[in-house]
Amino acid sequence: MPALLVAAALLLPAAAAHAQNGNPPPASADEPIAVPAGAKLVWSDEFDEGKAPDPKKWRYDTSRNKDGWYNGEKQYYAADRPENVRIENGQLILEARAERLADKPDFGGQDYASGKIVTQGLADWTYGFVEVRAKLACGKGMWPAIWMLGSDGARGWPALGEIDILELVGWDPETVHGTIHTQAYNHVKGTQKGATTRTPTACGDFHDYQLDWNQDRILIGVDGHAYMRFDNDHKGDFATWPFDKPQYLILNVAVGGWGGQQGIDPAAFPSKMEVEYVRVYQKR
């Protein structure tokens, strides 16, 4: 990332900067992940009603369309446009398309249109078990993600804390990534903490992408197997553990950036992430 963009990412809240500088330092795990005993469902969306995301649960994030998104991403995120975001046959569809939406007032010259929805301002959580059942958007150039950011953006990124429950880059479609970013551990410094696991059918089949987050540690996994673990050092240092504050959820399909490191294949479009449900459990 160029120095100017690095500075911007450090100063602006919700910068959504992800791991792009090769594989992150390992934070590997090999243990079960499941809804904790005693946890109850506190929020969910089964996507079985309506033709668009429920505005009481989700909003569109179009905030950087005019100026361009971070990380060298090439997409325009459309709002209220079923070609990019819709509910179909009981599933949420986020679809990236090779389209220039030059008629939009916030158009920033992008060659691609896609979808990004967030719970910011509508729902957030401190600790809990998050499960998203999804089939991922694939093809060279695609970068689907399921992730969380700290709700208090005043600290800026990366100090607010980021939890990447799932990332996949289209040029490596059998590998899924789980990563965290904090002031001390982030991709700008090359210190981000994360791990990967092979998921050969990530593009063709639905899988359960899971986060188990409590005051002691973060686990990230797929289908009941945790492959990434990040432990709280309990030093009371926000730079290393900002994860005792609320975070909101984000679903998106980016084009380019990390996903475009080996180019963008025109044959990849349209490419869609299909989400069967999102469920959040907490102990009360």
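What you see is a predicted model, and the numbers here were worked out from it, not measured in a lab.

Rules used in this analysis
Residues numbered from 1 in each chain as written. Predicted model: local features only at pLDDT ≥ 70, side-chain atom pairs only at ≥ 80, totals over all residues. Heavy atoms only, no water. Helix = DSSP H or I, 4+ residues; strand = E, 2+ residues; numbered from the N terminus. Buried < 20%, exposed > 50% of the residue type's maximum accessible area, 1.4 Å probe, protein only. Contact = heavy atoms within 4.5 Å. Pairing = 2+ DSSP bridges. Core = buried A, V, L, I, M, F, W, Y, C linked by side-chain atoms within 4.5 Å. Phe/Tyr/Trp six-rings, centres within 6.5 Å; stacked < 30°, edge-to-face > 60°. Lys NZ or Arg CZ within 6 Å of the ring centre and 35° of its normal.

Q: Would you explain the environment of His 177 in this entry?
A: Here His 177 is to be found in strand 12 (residues 175-181). Judged by relative accessible area, which is 5%, His 177 ranks as buried. Residues His 177 and Arg 198 lie 21 residues apart in sequence; the distance between their C-alpha atoms is 9.1 Å. Not counting the four nearest positions on each side in its chain, His 177 is found in contact with Asp 164, Ile 165, Leu 166, Glu 167, Val 169, Ala 195, Thr 196, Tyr 227 and Trp 258.

Q: Looking at this structure, how should I read the sheet that holds strand 13 (residues 193-198)?
A: Strands belonging to one sheet form pairs held by backbone hydrogen bonds; the direction of such a pair is parallel or antiparallel. Taken in spatial order, the 7 strands line up as 3-8-17-10-11-12-13 in an open sheet, and their pairing is antiparallel. Because the sheet does not close on itself, it has two edges, and the strands there are strand 3 (59-60) and strand 13.

Q: How should the pairing of strand 17 (residues 247-255) be read in this particular structure?
A: Counting buried positions along strand 17 yields 9 of 9 residues, so the element is predominantly enclosed. Side-chain alternation along strand 17 places Gln 247, Leu 249, Leu 251, Val 253 and Val 255 on one buried face and Tyr 248, Ile 250, Asn 252 and Ala 254 on a second face that is also buried. Here strand 8 (residues 116-118) runs beside strand 17; their pairing, made up of 3 bridges, is antiparallel. Bridge pairing links Val 118 to Ile 250 in strand 17. Inspection of the sheet shows strand 10 (residues 142-150) paired to strand 17 by 9 bridges, in the antiparallel sense. By the bridge assignment for strand 17, Ala 145 is matched with Asn 252.

Q: I keep staring at the nonpolar core and nothing clicks. Help me out?
A: Nonpolar side chains in soluble globular proteins tend to end up buried together. Counting 52 residues, the largest nonpolar core has Tyr 209 and Ile 218 as the members making the most contacts within it. In this structure, Ala 145, Leu 160, Tyr 248 and Ile 250 belong to the second largest nonpolar core, which totals 8 residues.

Q: I would appreciate a short explanation of the packing of aromatic side chains in the present structure.
A: Two numbers describe a pair of aromatic rings. These are the distance of the centres and the angle of the planes. Overall, the coordinates contain 13 aromatic pairs when judged by the stated rule. Where Tyr 76 meets Phe 107, the ring centres are 6.3 Å apart and the plane angle is 45°; that geometry is what we call tilted. With Tyr 76 in strand 4 (residues 75-77) and Phe 107 in the loop between strand 6 (91-96) and strand 7 (112-114), this pair connects stretches of sequence that are 31 residues apart. Of the two residues, Tyr 76 and Phe 107, both sit in the buried class. What links up through ring pairs into an aromatic cluster is the set Trp 43, Phe 47, Trp 58 and Trp 125. Seen from the ring of Phe 238, Arg 155 lies directly overhead, with NZ or CZ sitting 3.6 Å from the centre. Just above the ring of Tyr 277 sits the side chain of Arg 279; from NZ or CZ to the centre is 3.5 Å.

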